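# Survey of secondary and tertiary structure
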Amino acid sequence: MSCLRTCVYLAWNTVEYRLEVSHHPLLDLKYLGHQSNYRRMALLTPFLPFGIALFLLESVTTRGERAGQGLAGLQGHRLLARIASGLGKGRSAGEEVARAKYRALIRAGQKIGLAEWPLGEILTWEQAANTALPPEPELDRLRLVLRGRSFWLPELEIALREQGLCLRTPLEDSLQVMHLRGESLRLPGLSLHSGEMARCNRCGEENHLETGQCLDCKNPLCGHCISCVGMGEARLCRPLYRMAGLVGEKSRKEPVEFFATASCHPAEKDAAGEFRRFAREQEPSQCLVWPARGTDPLKALFHGIAERLNSGGQVLIATPRRDQVTELTQRIKGVFPGAEVLSARSASASELGQAEVVIAATTEVISFFQKFSLVIVDESETQLLSGNRLLQRIAERATVQKGKTAFITAAPEPELLARMKNGLVHLVCLPVGANGYPLPEPQLVIEKSLLIDRRDQMELPESVAQILHQSLEGDLSQVFVFVPHAFLAQRAGEVLRRAVVLPPFNHYQEDWVFISHARDAEREEKKARFARGEFPIFVTTPVAEKPLKLSRVNVIVLFAEAEDVYTEGTLVQLAGCAGDGWPPARVWYVGNRSTKAMKGAMQKIRHLNQEAFRRGYLHPDFYLTMKAEG
């Protein structure tokens with residue numbers, strides 16, 4: 001990914017001047033000459049990494065000066081005296097302003113460690129005569145790909161090739177002209193403020209930014225964003241190009257037709273009504289969809305999606321699992337047979353511009369910009385991007401102004417809950433599934449002897465052996481045993497294999513304990529065998545994937561204090577792997593200490609059960625059991 005080097009210039013005519021940065025100043029002069037009769041241009045800096053040149057420009061100019069400032073507006077300004085003295089020496093007013101800005105740029109550059117540079121040459125309209133502007137048909141093709149998107153230059157080149165579009169004009173030149181017209185945004189990957197790294201313009205991160213010499217621009221002031229580095233480096237020297245989508249571009253002659261399974265539970269009907277109200281009303285713009293694990297929250301959103309489609313908007317549904325994109329696309333096509341539904345991965349840029357519903361992996365959402373009327377992020381607690389506001393920021397950025405964003409999560413983060421309590425976020429709660437049974441509430445087990453010794457070995461604590469025995473021979477349930485890392489899966493599995501052939505277990509065999517982890521090539525086969533009930537104990541790492549839906553499965557989370565793996569969202573998700581029958585399955589969080597994540601996960605699960613009870617959503621069996629137990 002190459003850097004862009006640009007210089008700061010000042011162009012002027014007889015009545016106004018304008019400052020900008022450009023990689024090709026003669027191109028700018030040709031365009032400005034055609035548009036506003038600019039005839040001269042002074043180069044005020046050498047060619048610098050884009051983010052540095054833009055920082056210098058913004059340090060010494062006002063917004064008006066960057067859009068076109070009248071020379072008459074300088075009256076009363078201290079600069080007027082200098083201009084007046086310069087005019088006496090035969091300099092034009094524009095040239096005097098250029099000299100004043102040059103000196104201001106030198107001072108701004110010295111603050112960030114740049115050495116003084118000489119004033120550049122003055123270019124004339126005649127020198128720009130042979131510079132070609134991009135033809136309008138080429139700009140039309142570029143708009144087709146860029147509209148509603150956010151691209152690095154190489155990504156945009158790939159998108160154009162995928163469309164079979166070949167531009168004769170260098171892409172940077174076309175993008176510069178679109179920027180001068182005010183049609184698109186051109187930002188550095190990182191922005192500077194007061195000479196310090198201030199913000200990643202791709203993900204919005206402001207804290208996890210790192211300064212360091214770039215291999216492309218060789219500048220020690222460059223740097224990158226740590227928060228979104230997994231999607232490629234956002235750097236100070238790399239330009240990011242964006243163009244907003246067209247609001248209300250689509251129009252339907254007939255209301256969208258959709259076929260959703262009729263809601264059979266009052267909780268689902270109420271949630272559907274709540275989300276439809278959110279989609280219809282202007283405020284608030286964000287929604288927290290808080291479902292219990294094992295429910296189908298997306299089904300409750302179909303009426304709201306239809307509302308947005310009927311108003312001419314486009315809808316984005318983002319899922320954390322890439323393997324679910326195809327499955328989800330087929331499902332939405334079935335629900336909305338009359339709508340244009342496409343997956344972001346398989347569709348071209350121009351096709352995405354026409355689609356009414358787009359299904360994308362969460363990591364692809366970052367490439368959209370003000371395109372969708374409604375953005376829905378599914379299972380946001382399991383996202384690669386969770387743990388900070390990154391996911392929320394990129395979802396908001398993909399939404400058009402006055403659009404709506406919705407986050408489906410079984411473990412909402414405190415910041416989102418706080419905004420909900422302040423009325424800034426609408427709540428749609430789905431605390432119980434169609435079966436009407438409450439969620440298994442985890443039990444906390446503090447076990448100090450749950451350790452890995454110096455030889456990387458572990459002993460099975462008596463408390464864990466008792467839990468296993470109770471599950472297998474008391475509850476007659478299979479058991480998921482989750483551990484945080486692959487090597488712990490091997491150690492815990494070996495210990496359990498030795499333990500289950502001894503009392504108090506009866507007639508168990510070693511090979512009734514299966515071990516798996518993310519890199520296990522046989523993982524899917526083992527999951528399928530566990531689902532068929534072919535073995536009782538499955539020791540595995542918590543890989544983000546579609547959970548098995550089994551009726552009689554208990555869950556043990558070992559080393560639950562491992563906060564690097566077991567976030568609150570992960571613990572809620574793992575508890576959701578417990579069986580959904582009645583009487584309820586059981587869940588244990590076992591660790592050598594309690595953590596904030598463990599307590600938070602237990603509190604959120606308990607809250608959903610209390611909410612289901614308060615609203616009268618629970619199955620009659622539950623109330624009968626409560627009555628029998630007094």
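Just above sits the structure.
Everything numeric here is computed off the predicted structure, so don't read it as measured data.

## Here we look at the nonpolar core
A general feature of soluble globular proteins is that nonpolar side chains tend to end up buried together. Ranked by internal contacts, the top residues of the largest apolar core, which has 134 residues, are Leu 44, Leu 56, Leu 156 and Tyr 589. If you tally residues by element for this core, the top one is helix α2 (residues 50-60), at eight residues. With sequence-adjacent residues up to four places away left out, Leu 44 is seen in contact with Val 8, Tyr 9, Leu 10, Leu 19, Ala 98, Lys 101, Tyr 102, Leu 105, Trp 117 and Leu 119. Grouped together as the second largest cluster of nonpolar side chains are 38 residues, Ala 267, Ala 306, Val 428 and Ala 612 included.

## Concerning the sheet that holds strand β24 (residues 537-540)
Sheet architecture is open: six strands sit in the order β21-β26-β25-β22-β24-β23, paired in parallel fashion. Strands at the two margins of the open sheet, each flanked by one partner only, are β21 (443-446) and β23 (513-515). Taking the axes of each pair of neighbouring strands and ignoring which way they run, one obtains an average angle of 20° across the sheet. Sheet topology places strand β22 (residues 478-482) next to strand β25 (residues 553-557); five bridges connect them, and they run parallel.

## Concerning the pattern of salt bridges
One pass over the full model with this rule turns up 30 salt bridges. With its nearest N and O atoms 2.7 Å apart, the salt bridge here joins Arg 529 to Glu 534. Take Arg 529: its relative accessible area is 27%, and that puts it in the partly exposed class. Ionic contacts of the salt-bridge type, sharing partners, join the residues Glu 136, Asp 140, Arg 143, Arg 181 and Glu 183 into one network.

## Focus on a nonpolar patch on the surface
On the surface, Phe 613, Tyr 623 and Met 626 cluster together into a nonpolar patch covering about 270 Å² of accessible area. Within the element layout of this structure, Met 626 appears in helix α20 (residues 620-628).

## So, the sheet that holds strand β16 (residues 341-343)
Reading across from one edge, β16-β17-β15-β18-β19-β14-β20 is the order of the seven strands in this open sheet, with parallel pairing throughout. Each of the sheet's edge strands pairs with one partner strand only, and the pair in question is β16 and β20 (425-430). Averaged over all pairs of adjacent strands, the angle between strand axes in this sheet comes to 20°, irrespective of strand direction. Together, β15 (315-319), β17 (357-361), β18 (372-377) and β19 (399-408) form the strand contacts of helix α10 (residues 302-310), whose direction differs from that of β18 by roughly 160°. Contacting β14 (286-291) and β20, helix α19 (residues 596-614) crosses the sheet at an angle of about 85° to β14.

## Comments concerning the packing of helix α6 (residues 136-146) against helix α7 (residues 153-162)
At a minimum axis separation of 10 Å, α6 and α7 run at an interaxial angle of 105°. Taken together, α6 and α7 sit at an angle that is classed as roughly perpendicular. Along the contact surface, α6 presents Leu 142, Val 145 and Leu 146, while α7 presents Leu 156, Ala 159 and Leu 160. Grouping the constituent residues of the contact of α6 with α7 by class yields six nonpolar, no polar and no charged.

## Brief notes about the side chain of Thr 169
Relative to the assigned elements, Thr 169 resides in the loop between α7 and α8 (171-181). A polar side-chain atom of Thr 169 sits 3.2 Å from a polar atom in the side chain of Glu 138. Excluding residues within four positions of it along the chain, Thr 169 makes contact with Pro 134, Pro 135, Glu 138 and Ser 174.

## Some points on the pairing of β18
Of all six residues in β18, six are buried, a share of seventy percent or more. Relative to β18, β15 runs parallel, the two being bridged by four bridges. Looking across to β18, one finds that Val 315 is bridged to Leu 374. Direction of pairing for β18 relative to β19: parallel, over a ladder of five bridges. Looking at the pairing, Phe 372 lines up with Thr 399 of β19.

## Some points on helix α9 (residues 266-280)
An α-helix turns once every 3.6 residues. As a result, residues three or four positions apart point the same way. Taking 1.5 Å per residue as the helical rise, α9 with its 15 residues ought to reach 21 Å, and the 21 Å between its terminal C-alpha atoms agrees with that figure. Residues Ala 267, Glu 268, Ala 271, Ala 272, Phe 275, Phe 278 and Ala 279 constitute the buried set of α9. Axial view of α9: buried residues confined to an arc of 130°, hence all on one face. The exposed set on the far side of α9, more than 90 degrees from its buried face, consists of Lys 269 and Arg 280. Tucked into the core, α9 has its buried residues touching β14, α10, β18, β19 and β20.

## Thoughts on empty space enclosed by the protein
To find leftover empty space, a probe the size of one water molecule is rolled over the atoms. Inspection of every chain in the model, using the stated rule, returns two cavities of 30 Å³ or more. Quantified by volume, the second largest cavity comes out at close to 80 Å³. Lining the second largest cavity, in full, are Pro 291, Ala 292, Arg 293, Ala 410, Leu 439, Pro 440, Val 572, Ala 575, Gly 576, Lys 604, Ile 605 and Leu 608. Among the elements that make up the lining of the second largest cavity, the one with the highest residue count is α19 (three residues).

## Details of the pairing of strand β1 (residues 5-12)
For β1, a buried count of seven out of eight residues is recorded, marking the element as mostly surrounded by other parts of the structure. By the bridge criterion, two bridges tie β1 to strand β4 (residues 48-49) in an arrangement that is antiparallel. Note on β4: the bridge partner recorded for Thr 6 is Leu 48. The sheet contact formed by β1 and strand β2 (residues 16-22) spans six bridges and is antiparallel.

## Some points on the packing of aromatic side chains
Geometrically, a pair of aromatic rings is defined through the distance of the ring centres and the angle of the planes. Across all of its chains, the model carries 11 aromatic pairs by this definition. A centroid spacing of 5.4 Å and a plane angle of 45° characterise the contact between Phe 530 and Phe 535, whose relative ring orientation is tilted. Residue Phe 530 shares its accessibility class with Phe 535, and that shared class is buried. With a centroid separation of 5.4 Å and an interplanar angle of 40°, the aromatic rings of Phe 530 and Phe 538 are classed as tilted. Overall, the relative accessible area of 0% leaves Phe 530 in the buried class. One aromatic cluster is present, built from ring pairs that chain together Phe 480, Phe 482, Phe 514, Phe 530, Phe 535 and Phe 538. Its end group placed over the ring of Trp 125, Arg 39 keeps NZ or CZ at 4.3 Å from the ring centre.

## Thoughts on α10
Within the span of α10, buried status applies to Phe 302, Gly 304, Ile 305, Ala 306, Arg 308 and Leu 309. The elements touched by buried residues of α10 are α9, β15, α11 (323-335), β17, β18 and β19. Count one or two residues on from α10 and you reach Gly 312, which has phi positive near 90°.

## Examining the side chain of His 265
By secondary structure assignment, the location of His 265 is in the loop between β13 (239-243) and α9. Only 3.0 Å separates the side chain of His 265 from the backbone oxygen of Tyr 617, close enough to count as a polar contact. Filtering out sequence-adjacent residues up to four positions away, His 265 remains in contact with Val 432, Gly 433, Ala 434, Gly 436 and Tyr 617.

Rules and cut-offs
- Residues numbered from 1 in each chain as written.
- Predicted model: local features only at pLDDT ≥ 70, side-chain atom pairs only at ≥ 80, totals over all residues.
- Heavy atoms only, no water.
- Core = buried A, V, L, I, M, F, W, Y, C linked by side-chain atoms within 4.5 Å.
- Buried < 20%, exposed > 50% of the residue type's maximum accessible area, 1.4 Å probe, protein only.
- Helix = DSSP H or I, 4+ residues; strand = E, 2+ residues; numbered from the N terminus.
- Contact = heavy atoms within 4.5 Å.
- Pairing = 2+ DSSP bridges.
- Axes fitted to C-alpha atoms, helices over the stretch in contact; angles between N-to-C directions.
- Salt bridge = Lys/Arg side-chain N within 4 Å of Asp/Glu carboxyl O.
- Patch = residues over 30% accessible without salt bridge, like charges linked within 9 Å, V, L, I, M, F, W, Y side chains within 5 Å.
- Areas by Shrake-Rupley, 256 points an atom, 1.4 Å probe, with all protein chains shown as cover.
- Parallel < 35°, antiparallel > 145°, perpendicular 65-115°, else oblique.
- Nonpolar A, V, L, I, M, F, W, Y, C, P; charged D, E, K, R; others polar.
- Polar contact = N/O pair within 3.5 Å; in protein donor to acceptor, adjacent residues only side chain to side chain.
- Expected span 1.5 Å × (residues − 1).
- Arc of directions from axis to C-beta.
- 1 Å grid on protein atoms, 1.4 Å probe; cavity = no way out; pocket = protein on both sides within 12 Å on 5 of 7 lines; lining within 4 Å.
- Points joined across faces, edges and corners; volume = space filled by probe spheres on them.
- Phe/Tyr/Trp six-rings, centres within 6.5 Å; stacked < 30°, edge-to-face > 60°.
- Lys NZ or Arg CZ within 6 Å of the ring centre and 35° of its normal.

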